Amino acid sequence: MRLNQKKKLYIGLFSVALLLIVKLFFMQIIDDRRALHSSNFDFDESVNVAFWSNFSLSFIMVVAICIFRSQISEMVGSPELSSGIAVSSISILLVAFSSIQMAVYRRNFEFKTLFYVRMIITLIPLFVTVPLAVYFRNYWALVIGTLCRDLVQAVVLTAKSEW
């Protein structure tokens, strides 16, 4: 019976994480295309507006998730996931921070930089998530691995960015 509860816990965390990732993906696509690929506006102003609107919306989402984390975890059937949901929501801010920079690189056709960043963050699960999963043997390995991946992406893109 205990194994069933663990499976339920992991399925609940995976479901919430997947919903957050899908939301971030669509938010990134919409903001990138609409604000930065338009040639009718000043590019620097468009980048600033897109960044602050994206970051503000993400901050509001993170605060809402943190406030309602208990209700969210109960809705997915795993009340013990509330702290994991709150911590993993930080990923929303990290992706919001780096998504505008990715759009700038795409607009400037700097795909080589995006390729290197993608290769670096692809290795994060191998060097972070898998060892943590072996050590912790619970969902925190996924949460920490995701946060590390998004943090590395934000740091590398910021370090290489001229914006």
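Thresholds, definitions, all that
Residues numbered from 1 in each chain as written. Predicted model: local features only at pLDDT ≥ 70, side-chain atom pairs only at ≥ 80, totals over all residues. Heavy atoms only, no water. Helix = DSSP H or I, 4+ residues; strand = E, 2+ residues; numbered from the N terminus. Buried < 20%, exposed > 50% of the residue type's maximum accessible area, 1.4 Å probe, protein only. Contact = heavy atoms within 4.5 Å. Phe/Tyr/Trp six-rings, centres within 6.5 Å; stacked < 30°, edge-to-face > 60°. Expected span 1.5 Å × (residues − 1). Bend = angle between axes of the 7 residues up to and from the residue. Core = buried A, V, L, I, M, F, W, Y, C linked by side-chain atoms within 4.5 Å. Axes fitted to C-alpha atoms, helices over the stretch in contact; angles between N-to-C directions. Parallel < 35°, antiparallel > 145°, perpendicular 65-115°, else oblique. Left-handed = near helix turned anticlockwise from the far one by under 90°.

Caption draft 1: Layout of the environment of V95. Take V95: it is sitting in helix α5 (residues 90–107). Distance from V95 to S58, taken between C-alpha atoms, is 8.9 Å for residues 37 residues apart in sequence.

Caption draft 2: Molecular detail of the side chain of T129. Locating T129 in the fold gives a position in helix α6 (residues 111–136). T129 gets classed as buried once you look at its relative accessible area, which sits at 13%. With residues up to four places along the chain from it excluded, the contact list for T129 reads I124, A141, L142 and G145.

Caption draft 3: Seen up close, the packing of aromatic side chains. Scanning the entire structure with this criterion turns up 8 aromatic pairs. Here a set of aromatic residues connected by ring pairs shows up, and it is made of F51, W52, F55 and F97.

Caption draft 4: Representation of α6 within the structure. Compared with the 38 Å implied by 1.5 Å per residue over 26 residues, the 37 Å span of α6 between its first and last C-alpha is a close match. Along α6, the largest kink reaches about 30° and is centred on T129; proline P131 follows within four residues of it. For α6, the set of buried residues is T113, L114, V117, I121, I124, V128, T129 and L132. Contact partners of the buried residues in α6: α5 and α7 (140–160). Count one or two residues on from α6 and you reach R137, which has phi positive near 60°.

Caption draft 5: Region of interest: unusual backbone geometry. Positive phi values are uncommon outside glycine, yet F109 reaches one of about 55°. If you trace the backbone, F109 turns up in the loop between α5 and α6. Unlike most non-glycine residues, R137 shows phi in positive territory, near 60°. With respect to the secondary-structure elements, R137 resides in the loop between α6 and α7. Residue classification places R137 among the exposed residues on the basis of a relative accessible area of 65%.

Caption draft 6: Highlighting the nonpolar core. If you look at the biggest cluster of nonpolar residues, it comprises 11 residues: M61, V62, I65, L81, I85, I92, L93, L94, Y139, V143 and L147. Those elements giving two or more residues to this core turn out to be α2 (43–67), α5 and α7. In this structure, M102, Y105, L114 and V117 belong to the second largest nonpolar core, which totals 6 residues.

Caption draft 7: How the structure looks around the packing of α6 against α7. For the pair α6 and α7, the least separation of the axes is 8 Å and the interaxial angle reads 155°. By the criterion of interaxial angle, the relationship of α6 to α7 is roughly antiparallel. Judged by the twist between their axes, the crossing of α6 over α7 is right-handed. Contacts between α6 and α7 pair T113, L114, V117, I120, I121, I124, V128, T129, L132, A133 and F136 from the former with A141, L142, I144, G145, C148, R149, V152, Q153, V156, L157 and K160 from the latter.

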